[in-house]
Amino acid sequence: MKPWTRWQDWTNIAVGLYLALAPVWTDTDSGAATALVMMGVLIVCTALWALAQPSSAVSQWTNVIWAVLAIAAPWVISFTGLAAAAWTAWVGGILVGCLALWALPATRRPTGPPAVQPRH
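Described in the following lines is the structure provided in the data block. (Residues numbered from 1 in each chain as written. Predicted model: local features only at pLDDT ≥ 70, side-chain atom pairs only at ≥ 80, totals over all residues. Heavy atoms only, no water.)

**Observations regarding the nonpolar core**
Grouped together as the largest cluster of nonpolar side chains are 17 residues, with contacts concentrated most on Leu 36, Phe 79 and Ala 85. If you list the elements that add at least two residues to this core, you get α1 (7-21), α2 (30-52), α3 (57-76) and α4 (83-103). Ranked by residue count, the leading element in this core is α4, at five residues. With sequence-adjacent residues up to four places away left out, Ala 85 is seen in contact with Thr 26, Asp 27, Thr 28, Ala 32, Leu 36 and Phe 79. (Core = buried A, V, L, I, M, F, W, Y, C linked by side-chain atoms within 4.5 Å. Buried < 20%, exposed > 50% of the residue type's maximum accessible area, 1.4 Å probe, protein only. Helix = DSSP H or I, 4+ residues; strand = E, 2+ residues; numbered from the N terminus. Contact = heavy atoms within 4.5 Å.)

Quick look at the structure:
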């Protein structure tokens, strides 16, 4: 796969940007806002890494970790009472995790020209 072409990583950038900017239009407290911004920035950075190095499985697994943390954040940081912020974290985390897992098999495909088979 060529760098900068995987649609799942571009979508993860969009989701990460949404998470990072959500405190602008979503009712949050300082903990929720910090969590959303940090998760969003980490997801965007990791998706950029995945786009630049499409054969990196580590970048996809890293986004899965950020996704799990985003899903857990409303409980861990205690902002489940802020429904819009909590749902933003949950849905964003689920999307990022699913997209990263979807892109994972593509990291195992060869990226060079096909091997030439010898004639017998």
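**Quick look at the packing of aromatic side chains**
In this structure the tally under the stated criterion is five aromatic pairs. With a centroid separation of 5.3 Å and 55 degrees between ring planes, the pair formed by Tyr 18 and Trp 25 is classed as tilted. A residue is classified by how much of its surface remains accessible, and Tyr 18, at 43% relative accessible area, is partly exposed. Through a chain of ring-to-ring contacts, the aromatic side chains of Trp 75, Trp 87 and Trp 90 assemble into a single cluster. (Phe/Tyr/Trp six-rings, centres within 6.5 Å; stacked < 30°, edge-to-face > 60°.)

**Examining the side chain of Thr 107**
Of note, Thr 107 is situated in the segment after α4. A polar contact is formed between the side chain of Thr 107 and the backbone oxygen of Leu 104, at a distance of 2.6 Å. Apart from the residues within four sequence positions on either side, Thr 107 is in contact with Arg 6, Pro 54, Ser 55, Ser 56, Ala 57 and Gln 60. (Polar contact = N/O pair within 3.5 Å; in protein donor to acceptor, adjacent residues only side chain to side chain.)

**Describing unusual backbone geometry**
For residues other than glycine, phi is negative in most cases, and the peptide bonds are mostly trans. Despite not being glycine, Trp 4 shows a phi value in the positive range, around 70 degrees. As for its placement among the helices and strands, Trp 4 is situated in the segment before α1. One non-glycine residue with positive phi stands out, namely Ser 78, at about 65 degrees. Examined against the element boundaries, Ser 78 turns out to sit in the loop between α3 and α4. Taking relative accessible area as the criterion, Ser 78 reaches 56% and is therefore assigned exposed.

**Digging into the packing of α2 against α3**
Viewed as axis vectors pointing N to C, α2 and α3 meet at an angle of 165 degrees, and their least axial separation amounts to 9 Å. Taken together, α2 and α3 sit at an angle that is classed as roughly antiparallel. Pair α2 / α3 crosses with left-handed handedness. Only Val 58, Ser 59, Gln 60, Thr 62, Asn 63, Trp 66, Leu 69, Ala 70 and Ala 73 of α3 make contact with α2, whose side of the interface consists of Ala 35, Met 39, Leu 42, Ile 43, Thr 46, Ala 47, Trp 49 and Ala 50. Of the residues that constitute the contact of α2 with α3, the class distribution is twelve nonpolar, five polar and no charged. (Axes fitted to C-alpha atoms, helices over the stretch in contact; angles between N-to-C directions. Parallel < 35°, antiparallel > 145°, perpendicular 65-115°, else oblique. Left-handed = near helix turned anticlockwise from the far one by under 90°. Nonpolar A, V, L, I, M, F, W, Y, C, P; charged D, E, K, R; others polar.)

**Regarding the packing of α2 against α4**
Axis separation between α2 and α4 bottoms out at 10 Å; the angle between their running directions is 15 degrees. Judged on the interaxial angle alone, α4 and α2 are roughly parallel. Considering how the two elements wind past one another, α2 and α4 form a crossing that is left-handed. Contacts between α2 and α4 involve Ala 32, Leu 36 and Ile 43 on the former and, on the latter, Ala 85, Thr 88, Ala 89 and Val 96. Looking at the contact of α2 with α4, its residues break down into six nonpolar, one polar and no charged.

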